[in-house]
Amino acid sequence: MMTPPVKSGPRYNNMIQSDKVRVIDENGENLGVMYTREAIEQAADVGLDLVEVSPNADPPVCKFLDVGKYRYEAQKKANAARKTQKTQEIKEIKMRPNIDDHDYDTKMRNVVRFIGDGDKVKVTLRFRGRELSHQQLGMNLLRRVQEDVAEIAKIEAYPRMEGRQMLMVLAPK
């Protein structure tokens, strides 16, 4: 005996496995609980399919629908949901430990803008030459960044060294 191929989407007509189902007709009227065969025949009389809309209910809820149209509507709904969702990007801001106040303000404006847009921000502090022996300066700078964005962002990855760079990741609250 060969099993039929598994199809995605709702079960309909002869694919419905339960003996009894709660039936709702094409106008949204509840016809009550009846045998699946009987419900399929009634749906065929109206020229529609019996589609399982709530398989986990007891008994399962089925509706008189056009399967092709139902699938098309579901696919359209899924596409619309995918279109409206925003992907979160990671933006990077690079600084040096001995950054000037004006430069710092400019970088912080960008950080605030990125977080306002809903993106994560990776703050990278680059050490060159002898700056590497003064890591506490970098730590102080990242602490200052942390305090400046405390109201709008939370720290996702605390400051850590990676080679000659100190990294910290901020995420919107």
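In the nomenclature of an unreviewed UniProt entry, the protein chain corresponds to Translation initiation factor IF-3 from the organism Novosphingobium album. Quoted verbatim from the Subcellular location (unreviewed entry) field of the UniProt record, the comment on the protein chain reads "Cytoplasm". According to the UniProt record, the Function (unreviewed entry) comment for the protein chain reads "IF-3 binds to the 30S ribosomal subunit and shifts the equilibrium between 70S ribosomes and their 50S and 30S subunits in favor of the free subunits, thus enhancing the availability of 30S subunits on which protein synthesis initiation begins."

1. Here's the deal with the overall build of the protein chain
Helix and strand content of the protein chain: 4 helices and 8 strands. Taken from the N to the C terminus, the helices and strands of the protein chain come in the order β-β-α-β-β-α-β-α-β-α-β-β. Relative to a compact globule of 173 residues, whose C-alpha radius of gyration would be 16 Å, the protein chain shows 30 Å and is clearly more extended. Judged by the C-alpha coordinates and their principal axes, the protein chain covers about 85 × 40 × 25 Å.

2. Quick notes on the packing of aromatic side chains
Between two aromatic rings, the relevant description is the distance of the centres plus the angle of the planes. With the rule as written, the count across this model stands at 0 aromatic pairs. Just above the ring of Tyr-35 sits the side chain of Lys-20; from NZ or CZ to the centre is 5.1 Å. Of note, Arg-144 hangs over the ring of Tyr-104, and the distance from its end group to the ring centre comes to 3.7 Å.

3. A word on the UniProt feature "domain: Translation initiation factor 3 C-terminal" (unreviewed entry) in the protein chain
Within this numbering scheme, the UniProt entry marks residues 89–173 as carrying the feature "domain: Translation initiation factor 3 C-terminal" (unreviewed entry). The span residues 89–173 is 35% helical and 36% strand by assignment, and the distance between its end C-alpha atoms comes to 15 Å.

4. Description of the pairing of strand S7 (residues 153–162)
By the bridge criterion, 7 bridges tie S7 to strand S8 (residues 165–172) in an arrangement that is antiparallel. Bridge pairing in S8 links Ala-157 to Val-169. Following S7, the chain reverses through 2 residues before pairing antiparallel with S8; Gly-163 in that reversal takes a positive phi of roughly 65°.

5. Some words on helix H3 (residues 101–116)
A rise of 1.5 Å per residue sets the reference length of H3, with its 16 residues, at 22 Å; its end C-alpha atoms lie 22 Å apart and thus fit the reference within 8%. In this structure, the buried side of H3 is in contact with strand S5 (90–95), strand S6 (120–126), helix H4 (135–148), S7 and S8. A positive backbone phi angle near 90° is found at Gly-118, which sits one or two residues after H3.

6. Details of the sheet that holds S8
On the basis of which strands lie adjacent, the open sheet formed by 4 strands has the order S5-S6-S8-S7 and mixed pairing. Two strands in the sheet have a free side with no partner beyond their single neighbour: S5 and S7. Strand-to-strand, the axes of this sheet are offset by a mean angle of 20°, without reference to chain direction. Bridge count for S5 against S6 is 6 bridges, and the pairing is parallel. For Met-95, the partnering residue across the bridge sits in S6 and is Leu-125. Against the sheet, H3 contacts S5, S6, S7 and S8, and its axis sits at roughly 170° relative to S5. On top of the sheet, H4 reaches S5, S6, S7 and S8; it is set at about 10° to S8, its chief contact.

7. Some details on the environment of Gly-32
With respect to the helices, strands and loops of the structure, Gly-32 is situated in strand S2 (residues 30–35). Gly-32 gets classed as buried once you look at its relative accessible area, which sits at 19%. With sequence-adjacent residues up to four places away left out, Gly-32 is seen in contact with Val-21, Arg-22 and Val-23.

8. Some points on the packing of H3 against H4
Two numbers describe how H3 lies on H4: the axes approach to 12 Å, and their chain directions differ by 45°. As the angle between them shows, H3 and H4 are arranged oblique. Of the two elements, H3 crosses H4, and the hand of that crossing is right-handed. Between H3 and H4, the contacting residues are Asp-101, Tyr-104 and Met-108 on the first element and Leu-141, Arg-144, Val-145 and Asp-148 on the second. Along the lines of polarity and charge, the residues of the contact of H3 with H4 split into 4 nonpolar, no polar and 3 charged.

So, how was this worked out
- Residues numbered from 1 in each chain as written.
- Predicted model: local features only at pLDDT ≥ 70, side-chain atom pairs only at ≥ 80, totals over all residues.
- Heavy atoms only, no water.
- UniProt positions renumbered as here; feature names shortened; annotations may be inferred.
- Helix = DSSP H or I, 4+ residues; strand = E, 2+ residues; numbered from the N terminus.
- Rg over C-alpha atoms; globule rule 2.2 N^0.38 Å.
- Phe/Tyr/Trp six-rings, centres within 6.5 Å; stacked < 30°, edge-to-face > 60°.
- Lys NZ or Arg CZ within 6 Å of the ring centre and 35° of its normal.
- Pairing = 2+ DSSP bridges.
- Expected span 1.5 Å × (residues − 1).
- Contact = heavy atoms within 4.5 Å.
- Axes fitted to C-alpha atoms, helices over the stretch in contact; angles between N-to-C directions.
- Buried < 20%, exposed > 50% of the residue type's maximum accessible area, 1.4 Å probe, protein only.
- Parallel < 35°, antiparallel > 145°, perpendicular 65-115°, else oblique.
- Left-handed = near helix turned anticlockwise from the far one by under 90°.
- Nonpolar A, V, L, I, M, F, W, Y, C, P; charged D, E, K, R; others polar.

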